[in-house]
Amino acid sequence: MSAMKEKDKMFSIVLTFCTLFIFWLLLSAWTIYLPDPYDFSKIARGVLAAAVVTALSYEMFVQDRSRKVLFNLGRVLPYIVWELYQILLATIDVAYRVFGVLPVDPRIIVFPTTLRSDMAQFTLATSITLTPGTITIDIEPEEGVFTVHAVAVEPAESLTVDQGMQKYIGWVYREE
Amino acid sequence: MLPIDILATIILATGAFFMMTGTLGLLKFPDFYTRMHATGKCDTFGQCMVILGCVVYEGFNFITIKLLLVSIFYLLAGPCSTHALMKAGYVTGVPVWKKGDKRA
């Protein structure tokens, strides 16, 4: 990480500090604001804590291609909303199978993907687990090969044949 | 009874219903992997609905943020723990149930 450019380093420090300070305010604002609205010594404590943690961890929090983090937010936020909707669908799907409306016909499928970066593979694995009828068992990170347990035929085919989710995550992380 | 109380009750009841469905699935499904489907998915959603119901009941204040952070953590940790258990079962060779087999 020593090869990090000076500009990226400044950006990384500022972004880390702002995130940490906002997080600190959200967690402890009610202990500051309610008893004594204009006590700046308490806010100074928060600034100090955020500064210490920033100095220790800015290199880990934002990796070197740091500008992409903000650049990607426009694609990540719609993806999170879509994922929350998928969680609702997945729960209703499991409820149908529990009450015997849909069949249980489990199988294990193995399929390759084109995703290579750690974050993209992590996101795909978590999304597969949260979407209806499938759970990730194993990832081969070098080849991008996923081993998935599917509870019936249709969820398995949506991963191996349609590949809609892989394409969506590739689009989110710009890895087409 | 205020409308907000009714809304909170409905959300809490939805959460409780899905938690119960997950437990029923744990008892009903045939093998280890399908049982993980029932508990892993229903518990994540049910827990989030229970937290959301508490948020609606209490009204918006600074504790709401902590409750929402708890539910975000749950959404991240649920799939990870499910995945860890599935992988442990797969690596140590827990048999996979096929349609027509006897229940494990």
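Look a little higher up for the structure.
These lines cover the structure that appears in this document, whether it is placed above or below. (Residues numbered from 1 in each chain as written. Chains lettered and ligands numbered in written order. Predicted model: local features only at pLDDT ≥ 70, side-chain atom pairs only at ≥ 80, totals over all residues. Heavy atoms only, no water.)

**Focus on the interface of chain A and chain B**
Consideration 1: Listed as interface residues are 38 residues of chain A and, on the opposing side, 32 residues of chain B.
Consideration 2: Note on chain A versus chain B: buried area summed over both sides is about 3200 Å², and carbon and sulfur give 80% of it.
Consideration 3: The tally of links between chain A and chain B comes to one salt bridge.
Consideration 4: Here Asp 138 of chain A makes a salt bridge to Lys 87 of chain B, at a shortest N to O gap of 3.4 Å.
Consideration 5: Among the elements of the structure, α1 (6-33), α3 (67-98), α4 (118-130), β2 (134-140) and β3 (145-150) of chain A are those that each provide at least two residues to the side of chain A that touches chain B.
Consideration 6: Ranked by the residues each element gives to the side of chain A that touches chain B, the list is headed by α3 of chain A, at 10 residues.
Consideration 7: Partitioned by chemical class, the residues of the side of chain A that touches chain B number 25 nonpolar, 10 polar and three charged. (Contact = heavy atoms within 4.5 Å. Buried area = accessible area lost by both parts, 1.4 Å probe. Salt bridge = Lys/Arg side-chain N within 4 Å of Asp/Glu carboxyl O. Helix = DSSP H or I, 4+ residues; strand = E, 2+ residues; numbered from the N terminus. Nonpolar A, V, L, I, M, F, W, Y, C, P; charged D, E, K, R; others polar.)

**Quick notes on the packing of aromatic side chains**
All names here are of chain A.
Consideration 1: With the rule as written, the count across this model stands at 11 aromatic pairs over all chains.
Consideration 2: Ring geometry for Phe 17 against Phe 21: centres 6.2 Å apart, planes inclined by 0°, an arrangement best described as stacked. With a gap of four residues between them, Phe 17 and Phe 21 both fall in helix α1, about one helical turn apart.
Consideration 3: Taking relative accessible area as the criterion, Phe 21 reaches 18% and is therefore assigned buried.
Consideration 4: Pairing Tyr 79 with Trp 82 gives two aromatic rings, centres 5.8 Å apart and planes at 35°, and the pair type is tilted. Of this pair, Tyr 79 and Trp 82 are both found in helix α3, three residues apart, which corresponds to roughly one turn of the helix.
Consideration 5: Since its relative accessible area comes to 28%, Trp 82 is described here as partly exposed.
Consideration 6: What links up through ring pairs into an aromatic cluster is the set Tyr 79, Trp 82, Tyr 168 and Trp 171. (Phe/Tyr/Trp six-rings, centres within 6.5 Å; stacked < 30°, edge-to-face > 60°. Buried < 20%, exposed > 50% of the residue type's maximum accessible area, 1.4 Å probe, protein only.)

**So, the pairing of β3 of chain A**
Residues and elements named next belong to chain A.
Consideration 1: In terms of burial, β3 is largely enclosed, as five of its six residues are buried.
Consideration 2: Here six bridges tie strand β1 (residues 107-112) to β3, and the two strands are oriented antiparallel to one another. Bridging across to β3, Ile 109 finds its partner in Val 148.
Consideration 3: As paired strands, β2 and β3 are joined by six bridges and run antiparallel to one another. Bridge pairing in β3 places Thr 136 opposite Val 148.
Consideration 4: Taking the residues that link successive antiparallel strands as the turn, the β2-β3 hairpin has four residues, and the phi of Gly 144 there is positive, at about 70°. (Pairing = 2+ DSSP bridges.)

**Comments concerning the sheet that holds β1 of chain A**
Residue and element names in this part refer to chain A.
Consideration 1: Pairing is antiparallel across the open sheet formed by three strands, whose spatial order is β1-β3-β2. Of all strands in the sheet, those bounded by a partner on one side alone are β1 and β2. Strand-to-strand twist of the sheet, defined as the mean angle between neighbouring strand axes without regard to direction, takes the value 25°.
Consideration 2: On top of the sheet, helix α5 (residues 153-162) reaches β1, β2 and β3; it is set at about 5° to β1, its chief contact. (Axes fitted to C-alpha atoms, helices over the stretch in contact; angles between N-to-C directions.)

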